[in-house]
Amino acid sequence: MITPLVIISAITVFSLSFAAHVYIWKVFRPARQAVLLAALFFAMPALVFFALFFWARQGAVERFAASASNLLYALILDYVLAGGYLLSYPAAQASSPSLRVVLALSSTPDGMTGDQLRALFSEKELFWDHLARLEQEGLVVNTGGRWTASPRGLRAAGFFARYRSLLGLPEGNG
Amino acid sequence: MLPSQLYFIAGLTAACCAPFVAHLILTRVFKRYAAEDERQSGCLAGCAFGVPAAVAVFFAGRSLFPGGDPFSLAVYITLVYGLAAYTYFHFFNISETSRRIRLLTLLSRGGMDGRELAARYDPWGALGRRLGRLSGLGELKEREGRFSLARRRLLVCARAVFILRSVLFPLERTDWKPLAVLVLAAAGAGVCNSGIFPFPASVVFLLSVVICAVSLVLLDRRDGASNFLLAAAPVVIVFSCFLFSPYLPSGDIDFHVPMFSYMAEHFSAGRVCPWIASAGGIRTGFVHISDFLTVPHRLTGYFLYTMTGMGAEFAYRLQFILGVLFIGFGWWLVLKKLTGSRYAAFFGALMVMLGGNGMTFHQEQALATQYLAPWFVLSLMKVRDDRSFILPAAAIAGLGLSTHQPQLQMIAMVLTGVVFAAVSPATVRAAWRVRWFGAAAVCLIVLAALPSAYLLHHLPSLVSPMREMDDLLACTTLQQYDVLTGQQIASAPRRYLEQYFMPRFGAESGADCCAFFVGRPALVMAAAGVALNFRAALVPVFLAACFMVLTLGLNSPGMVPRALFLAGVPYINVFRQWYHFFPLLNFCLSAAAAIGVAAAAARISRAAGGRRTVAAGCLALAMLLNFVDLAHYALSYTSVFAANNRYVPPAVNGPLLLAGPDGPTELFIYRSRGRAPVPDELWPVALISLVDRAVVPGDGGMLPLGVEGAAGITRSFDAAVTAEGLSCSVEIPGPRLLVTPLNYDLRLKAFVDGSPVPVHRVNGFLAGVELEKQGRHAVKFALAEDGYNFILTVQYLMYVFVAVFLLAKYLEGRHADGV
């Protein structure tokens, strides 16, 4: 049965993951973020709920956390919260140009020309930084100035290509 | 797992997949959604087409869980479906617009050098395509070659994302050492108190002093929130002695722990218990103020109890400690803002957490008296920079009026507000210049203070077995007031103030007396604050003097209680614990001492050479000495209540329904029950009495319910006291009146075999129903909704509002710093 506690516990565990994420990012700024994010937002909540389940079952009194279904409902909500956050995260990490354009236009009531908007960016930001981040994540490799996709990168590119073809759409153009 | 639960999860999963399926169909069937400018619109349409699937899951959930809460189910499904749709939209958007996916796709066709890749990727062309997409979505408009915002929907997202960016990727990295010190301190505290090694209290004491010294050294120059972790670290070690102690102060054993345990068990079952089943039952809302059921640390305690296997008593201790840390954090923020010195904030926060405010564990009620104070002061201080802080200040003021000892909170907040206004009148004028702030502030105060309105509404039907409340409420003349207050008011004797200088423990120095302590070196620093920065110290010293006089109550020069009574302060005639102003006095002393530390630190930083080293060493030593004094005091105090027996949880249900006032019901019982002219022998002795119609007397007559062997009366204990009320199953030979010990004034609904029946008042205060037909009947009594759940929801929302407001402002400030 869905009670307010399901929602509260899901939000609490998501907040714990988020707090750990913020702290680790502020202290260490890990290079390979995808694995750590998955661990923090998917593996850690599952472990927390698993541990709570066994701890709560030891008590003499019937607790909310002693019910597997309660925790499963909470875990589902936690995972969709995590999914929503993680899909928004790249915009914060890579400083989305679209959002920067919107912010810049919000402070100029008269608007800006295309050239003025282009002046907000550099080729380094728009291209080279992304390439460097892909290399950090192990998705591309640079051998002697020549860039190639790593096996992981090839799998990622193939996954999105198949998804787009399933929808009947051409590949995205960035 | 039950099949119904599996069906629900399967349905929910299917609904979450609906946006993808609908999007797939839309892009395949309607070619317009495959066009570049319409692709995102197609995805959004797919998400919208999935909504009926979510609605279907809601109705399926209603039939699968018939007794469930429909509101929670609706919120849950809305959240899950909404977030799943949001996630899918972003997933699609990434496949469409991600620069990194585009680069990977290009490189998956074969390797190339950077220049060739840049030429193929065309970063400037990608920027142009983004402008086109934003225009296509209607976010931008282009006129005469100039782009401008067409609507501000995306602007909110942009601000949120850039705030997140400033939090995750600050200009300077955070130091990991404060958290490490706190974790080490917690681990050390656990080991010292685990029982595996027989560590004496002196080891805990020495460890806490070492951690305090390390914390002092590690205080971060950038003055981030991690400095509070350093202040909390030594406190955690000292607190562990209380956390793992088998003893509790007497007020906690017999009053607060049973109530906490009772509420936590109901919280664990996912409900707010509407009543306390003793003395015939009273509504939970009547003890909302006096038992502070919704203060944040209590809610945290209920939650920890619910989610883990820890015992109620351990959860109670833990929530107390969390409450002290919560107050300490608020006060640390105040001192940081007041002094701008990390040393001063560290010093003052320790005074509050380990001094009389925190470590005396003064029957928890003192914690409820002070938990709002730091946040109220912080909001007032911020109003000077940002007028919108008048809103959290108003919400906190309203919460204060509906928490423990609202008269005390009202006096303290008005006094503090007046002093702030006197010090900075321009701020007040500026705050009220925006007119809607005033209206919004009044609304927030009223909404947050609803529990007080609820209690005042019901007050005429209540009496208090603890005190002559009726007489106090009725007293109108000073003479009456003096006579009554002389008997019932608790004020601090002047010797309590000696505790600041010469602490004593023992029978004559109870929790109230021991609360008057902040460390003796701190008093020297407070004096230094006055000497070195008189202007800054004037406000805390003035307020300290006011709170000291209020603390003394009837013993104060000029009899402050009488003056306030004559001034017509609402409900001051029923206020009795004047010494509970002590936390506010301690806060003021802490502020004065922090100003002293800040002034000393500023002078030291201006000094040069050897003098500077010696002076800095002296200041650090004074800070450490104060911690030593505080820790020693706290550990000595903890050993004082070790003389009490271990807590044994009493039952608050069942037989207590038959008993007189006890525990939480000492505060309020129904007037009809407390004052009914019923001889003791006529009180009911069973949960169910079945009375033959023949012995029911006329109007005003009494049934001899309590008389053993009374003719025509059958008694039974075969009934269950439930969270909702009482239920039983009875077999009757003919028409009978079923009488229960439940108070009629509880406003009960009764059901016989599922059908509603009227409830009768029996013997002036009991509740009964008539059973007409011979045979077996299922009878159920349940409390009718009286608006308390709505009030509780509003209170929770007020806490959320204050927390979200303060957090949002903090993040906004960080973002501004980052920019």
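1. Some thoughts on the packing of aromatic side chains
Right, so step 1: Counted according to the given criterion, the structure contains 49 aromatic pairs over all chains.
Right, so step 2: Ring geometry for B:Phe547 against B:Phe581: centres 6.3 Å apart, planes inclined by 20°, an arrangement best described as stacked. With a gap of 34 residues between them, B:Phe547 in helix H28 (residues 534-552) and B:Phe581 in the loop between helix H29 (560-566) and helix H30 (582-606) connect regions that are remote in the sequence.
Right, so step 3: In this structure an aromatic cluster arises from ring pairing among A:Phe14, A:Phe18, A:Trp25, A:Phe41, A:Tyr85 and A:Tyr89.
Right, so step 4: When the ring centre of B:Tyr305 is taken as origin, the NZ or CZ atom of A:Arg63, which lies over that ring, is 3.7 Å away.
Right, so step 5: Above the face of the B:Tyr33 ring, B:Arg32 is positioned so that its terminal group lies 4.7 Å from the ring centre.

2. Remarks on the confidence of the model for chain B
Right, so step 1: Residues at a pLDDT of 70 or more form 93% of chain B, whose mean pLDDT is 86.
Right, so step 2: Scored by ipTM, the complex comes to 0.92, with pTM at 0.89.

3. Describing unusual backbone geometry
Residue and element names in this part refer to chain B.
Right, so step 1: In the Ramachandran plot, Asp-122 falls in the positive-phi region, its phi being about 55° despite a non-glycine side chain.
Right, so step 2: Tracing the chain through its elements places Asp-122 in the loop between helix H6 (114-121) and helix H7 (123-136).
Right, so step 3: The phi dihedral of Phe-292 falls on the positive side, at around 35°, and the residue is not glycine.
Right, so step 4: Note on placement: Phe-292 falls in the loop between strand E5 (282-283) and helix H13 (296-307).
Right, so step 5: When its relative accessible area of 1% is taken as the criterion, Phe-292 is described as buried.

4. Quick word on the nonpolar core
Right, so step 1: Formed by 285 residues in total, the largest nonpolar core has its most connected members in B:Phe8, B:Tyr76 and B:Leu738.
Right, so step 2: For this core, the element with the highest residue contribution is H30(B), accounting for 15 residues.
Right, so step 3: Dropping the residues within four chain positions of it, B:Phe8 is found in contact with A:Ile2, A:Tyr73, B:Val57, B:Gly61, B:Leu64, B:Phe65, B:Leu73, B:Tyr76 and B:Ile77.

5. Some thoughts on the interface of chain A and chain B
Right, so step 1: Between chain A and chain B, the contact holds 103 residues from the first and 100 residues from the second.
Right, so step 2: In this assembly, chain A packs against chain B so that about 9500 Å² is buried in total across both faces, 69% of it on carbon and sulfur atoms.
Right, so step 3: Taking the shortest distance from any N to any O, the salt bridge between B:Arg115 and A:Glu123 comes out at 3.6 Å.
Right, so step 4: Taken together, the connections running from chain A to chain B amount to 27 residue pairs in polar contact (both at pLDDT 80 or more).
Right, so step 5: In terms of residues, the side of chain A that touches chain B owes the most to one element, helix H3 (residues 68-93) of chain A, which gives 18 residues.
Right, so step 6: For the side of chain A that touches chain B, the per-class residue count stands at 62 nonpolar, 28 polar and 13 charged.
Right, so step 7: Pairing geometry for strand E1 (residues 112-113) of chain A and strand E3 (residues 146-149) of chain B, over two bridges, is antiparallel. Looking at the pairing, A:Met112 lines up with B:Phe147 of E3(B).

6. Observations regarding the sheet that holds strand E3 (residues 146-149) of chain A
The pairing of strands in a sheet happens through backbone hydrogen bonds and is either parallel or antiparallel.
Right, so step 1: Taking strand neighbours across the sheet as the criterion, the three strands line up as E2(A)-E3(A)-E1(B) in an open arrangement whose pairing is antiparallel. Only two strands of the sheet have a single neighbouring strand rather than two, namely strand E2 (140-143) of chain A together with strand E1 (112-113) of chain B.
Right, so step 2: Strand direction decides the pairing type here: E2(A) and E3(A), joined by four bridges, are antiparallel. Note that in E3(A) the partner of A:Val141 across the bridge is A:Thr148.
Right, so step 3: Of the strands in this sheet, E2 and E3 of chain A together with E1 of chain B touch helix H5 (residues 99-108) of chain B, which is tilted by about 100° from E3(A).

7. Comments concerning helix H8 (residues 153-168) of chain B
Right, so step 1: Between its first and last C-alpha atoms H8(B) spans 24 Å; for 16 residues at 1.5 Å apiece the expected length is 22 Å, and the two agree.
Right, so step 2: Looking only at H8(B), the buried set comprises B:Leu155, B:Ala158, B:Val161, B:Phe162, B:Leu164, B:Ser166, B:Val167 and B:Leu168.

8. Examining the sheet that holds strand E16 (residues 766-771) of chain B
Residue and element names in this part refer to chain B.
Right, so step 1: Here we have five strands laid out as an open sheet, ordered E9-E8-E12-E16-E15, and antiparallel in their pairing. A single partner strand is all that each edge strand has here, and the edge strands are strand E9 (713-716) and strand E15 (760-762). Adjacent strand axes in the sheet meet at a mean angle of 30°, parallel and antiparallel pairs treated alike.
Right, so step 2: Sheet topology note: the E15/E16 ladder contains three bridges and is antiparallel. Directly across from His-760, in E16, lies its bridge partner Gly-768.

What counts and what doesn't
Along each chain, residues carry numbers from 1 onward, in the same order as the chain's sequence is written. The naming scheme follows written order: chains are lettered A onward, ligands numbered 1 onward. Local features in this predicted model are restricted to residues whose pLDDT is 70 or higher, and side-chain atom pairs enter the listing and the counts only when it is 80 or higher, whereas totals over whole chains, interfaces and linings include all residues. Computation of side-chain values: all heavy atoms of the structure, hydrogens and water removed. Aromatic pairs are defined between Phe, Tyr and Trp rings, using the six-membered ring for Trp, whenever the two ring centres lie within 6.5 Å; interplanar angles under 30 degrees are classed as stacked, those over 60 as edge-to-face, and all others as tilted. For helices the rule is a DSSP run of H or I covering at least 4 residues; for strands it is a run of E covering at least 2, with both sets numbered from the N terminus onward. Placement of a positive charge over a ring is assigned whenever Lys NZ or Arg CZ falls within 6 Å of the ring centre and within 35 degrees of the normal to the ring plane. Within a predicted model, pLDDT stands for the predictor's per-residue confidence, ranging from 0 to 100. Accessible area is worked out with a 1.4 Å probe on protein chains only. A residue is then buried under 20% of its type maximum, exposed over 50%, and partly exposed in between. In this description, a nonpolar core means a group of buried Ala, Val, Leu, Ile, Met, Phe, Trp, Tyr and Cys residues linked to one another through side-chain atoms lying within 4.5 Å. Here a residue-residue contact requires only that any non-hydrogen atoms of the pair lie within 4.5 Å. Summed over both partners, the accessible area (1.4 Å probe) lost when two parts come together is defined as the buried area. A carboxyl oxygen of Asp or Glu within 4 Å of a side-chain nitrogen of Lys or Arg is what we treat as a salt bridge. The term polar contact refers here to a pair of N or O atoms within 3.5 Å; inside protein, the definition further demands a hydrogen-donor-capable atom paired with an acceptor-capable atom, and it admits residues adjacent in sequence only when both atoms are side-chain atoms. Here the nonpolar group is Ala, Val, Leu, Ile, Met, Phe, Trp, Tyr, Cys and Pro; Asp, Glu, Lys and Arg are the charged ones; every other residue, Gly included, is treated as polar. Paired strands, as defined in this entry, are two strands with at least two bridges between them according to DSSP. For helices, the fitted line uses only the C-alpha atoms of the stretch in contact; every axis is such a line through C-alpha atoms, and the angle between N-to-C directions lies from 0 to 180 degrees. Here the expected span of a helix is defined as 1.5 Å times the quantity of residues minus one.

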